Structure formats: C-alpha cells, structure tokens
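Spelled out from the first residue to the last, the chains are:
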Amino acid sequence: MERRKILIATKTYPSISRKYKETVCTAGILLDDREKPLQWIRIYPIRFRDLEFERRYKRWWIVSAEIEKDTKDPRSESYRIIDSSIETIRFVDTKNNWAERKSFVLPFEFSSIAEIKAQGKSLGIIKPASITKYFHKETDRDWKPQQQTIRDQLDLFEPSVQLLEKIPYQFGYEFTEIDGTKHKYTTSDWEISELYRKCRDSSPANSIEEKEQEALLKVKQKMEDEFLSKKDLYFIVGNLKRYPDTFMIIGIFYPMKSKGDEQTQLSIFNGV
C-alpha cells in the first residue's frame, strides 16, 4: 500500500455486497504530491456510511489514502483502498465557473465512448454533442433476496446504522456524441438519488404515490429544466468489470454555460 492524493469527482449510490456488506464505488483523479493530475482512478471498496465522520469525503474534496493496484481487476484505473486510512485535505470550490475543477478533470476528457474503449480505458469524461432528452424509469422496489438477507443482518448486528434504502427509480439521459453515436444511459450518481429521496421525504403530500410523483417532478426540473438550459454538461462515464463494453453515467460535471452556448443547447433540446 502507498499513500496517495486523490480528487474525488463522483461517488455512486451505495450497493449491497456479500463480501463488504455495503459499498460505494468512487471515481476521481489521481494526483502527485504537488496535486498535479495524473490519471482517472477508481477506488473500491469503500464502506462509506461506516466511516468515521471526519473521513466522509464529499465530491470535489482532495483526500489522501493508502491504495494499491487491484490485481483482481483488469481495468487499469482500478485500485483497492484502505477506507479507514482516508484523510480529507481540502475542498476544490466553484470559483471562476469551476476553473480549478476543470483544470483537474478536463485534461483527461475523451471525445467519445469509442475513444475510451480504443485506448483500453474504463473511466473518462465526455461532452455530448447534443442531449436528446432526460428520462426516468421505474425499477425494482426491493433489494434482491440475497441483498435483503445481508441488509437484514446489518439491521440485526449493527442497529445504529440506518438501513440502506432501495431507490425505485433510475434517472438518465439520451444523447448523441460528436461521432454521431447515440446512447441512452442511466446514472448511478449518488447526488441524483439523494435529490429524489430528499424531495420525496420533504413533500407535504398525503400518499407515498403523490410524494414520489412530486419528487420525480423536482428531479426532472433539476436535470432537464436547469441542467439542460443553464449548465455545460459533461458526463463522467465508467464501465462494468463483468461487462467491459457496457458503460453508464457515474457522475455529472455541470459548470455554467456561456450565453452563446445556452441558446445552442436550448435549440438542440427543443428539436429546433
């Protein structure tokens, strides 16, 4: 193990694991000692909700931790981490329209998913040429039986830990890349799932159905009305270990648009 610096760019909604009970996959930029960006990195496993409070990093924090290359994962960006070794260093803010954040991640931008694959990579950031639409879809409301068993064990042996909720919806975008390739990707970004959950729980509606519909509308307003009209969207994408050709959005990078870009994006989205 070696202690290294990492900029946290995104983290996925927690998943239930037979080996690690509950884990979060985190992606970011590996830095040198002087905080020069080196490459994309995936760190796993992180039992985020079990971490001590001072180790619970948020997006855009630079942290240091003991990591090593994951020899059981052929993806070059995959590293194992001792999550109890995580130390937070500093927060990278949004000044000058995300200038410092851009300096870390955009040097490693790819033109397309095809370019990521061609270079033998499994992580990257891309800027869609156009976004056709935002969408959501209903998914399973309950964990799979094996996952539910693990969750029940956590409730029995670790009653102080709040049980992990299964979010019954997926959110995503249909978009076209600069090479003309079209995709329909869901996102596993924890921020989006948490936005849905908080909107639902704060809804004054009487029934769970009404609460959910209100939350879905607010997520739509964020991801469609705000993001597509005001933000210069990039997608942080990654593939699956077992299915290396299958990519998904694992994080959204969203600095403000310039005024010229704003009108172009609105025209694209409205089909003009």
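See above for the structure.
This report concerns the structure included in the present document.

Right, let's talk about helix H5 (residues 208–230) for a bit. Its 23 residues give H5 an end-to-end C-alpha distance of 31 Å, which sits within 8% of 33 Å, the value for a rise of 1.5 Å per residue. Along its length, H5 shows its largest kink, about 30 degrees, at Gln 221. Among the residues of H5, those classed as buried are Lys 211, Glu 212, Ala 215, Leu 216, Val 219, Met 223, Glu 224, Phe 227, Leu 228 and Ser 229.

Another point: the pattern of salt bridges. A full pass over the atoms with the stated rule returns 21 salt bridges. The residue Asp 189 makes a salt bridge to Arg 59 at a minimum N-O spacing of 3.3 Å. Placement of the pair is Asp 189 in the loop between strand E12 (182–187) and helix H4 (190–202) and Arg 59 in the loop between strand E4 (37–46) and strand E5 (61–69), with a sequence separation of 130 residues. A single burial state applies to Asp 189 and to Arg 59, both of which are buried. Across the pair Glu 174 and Lys 133 runs a salt bridge, and its minimum N-O distance is 3.8 Å. Residue Glu 174 is located in strand E11 (residues 169–176), and its partner Lys 133 is located in strand E10 (residues 130–138); the two are separated by 41 residues in the primary sequence. Here the salt bridges do not stand alone but share partners, grouping Glu 165, Glu 194, Arg 197, Arg 200 and Asp 201 into one network.

Before going further, it helps to spend a moment on the packing of aromatic side chains. Counting across every chain of the model gives 14 aromatic pairs. Considering the side-chain rings of Trp 60 and Trp 98, the 6.1 Å spacing of their centres and the 70 degrees angle between planes classify their relative orientation as edge-to-face. Of the two residues, Trp 60 sits in the loop between E4 and E5 while Trp 98 sits in helix H1 (residues 95–105), which places them 38 residues apart along the sequence. Exposure remark for Trp 98: the relative accessible area of 8% places this residue in the buried category. Centre to centre, the rings of Tyr 134 and Tyr 173 are 6.1 Å apart; their planes meet at 70 degrees, and the pair counts as edge-to-face. Pair noted here: Tyr 134 is in strand E10 and Tyr 173 is in strand E11, with a separation of 39 residues, a long-range link. Among the residues examined, Tyr 173 registers a relative accessible area of 0% and is labelled buried. Taken together, the ring pairs in this structure connect Trp 60, Trp 98, Phe 227, Tyr 234, Phe 253 and Tyr 254 into an aromatic cluster.

Helix length check: H4 (13 residues) gives 18 Å between terminal C-alpha atoms against 18 Å at 1.5 Å per residue, within 8%. Those residues of H4 hidden inside the fold are in contact with strand E1 (2–11), strand E3 (21–31), E11, E12, H5 and strand E14 (247–253).

The rules behind each value
- Residues numbered from 1 in each chain as written.
- Predicted model: local features only at pLDDT ≥ 70, side-chain atom pairs only at ≥ 80, totals over all residues.
- Heavy atoms only, no water.
- Helix = DSSP H or I, 4+ residues; strand = E, 2+ residues; numbered from the N terminus.
- Expected span 1.5 Å × (residues − 1).
- Bend = angle between axes of the 7 residues up to and from the residue.
- Buried < 20%, exposed > 50% of the residue type's maximum accessible area, 1.4 Å probe, protein only.
- Salt bridge = Lys/Arg side-chain N within 4 Å of Asp/Glu carboxyl O.
- Phe/Tyr/Trp six-rings, centres within 6.5 Å; stacked < 30°, edge-to-face > 60°.
- Contact = heavy atoms within 4.5 Å.

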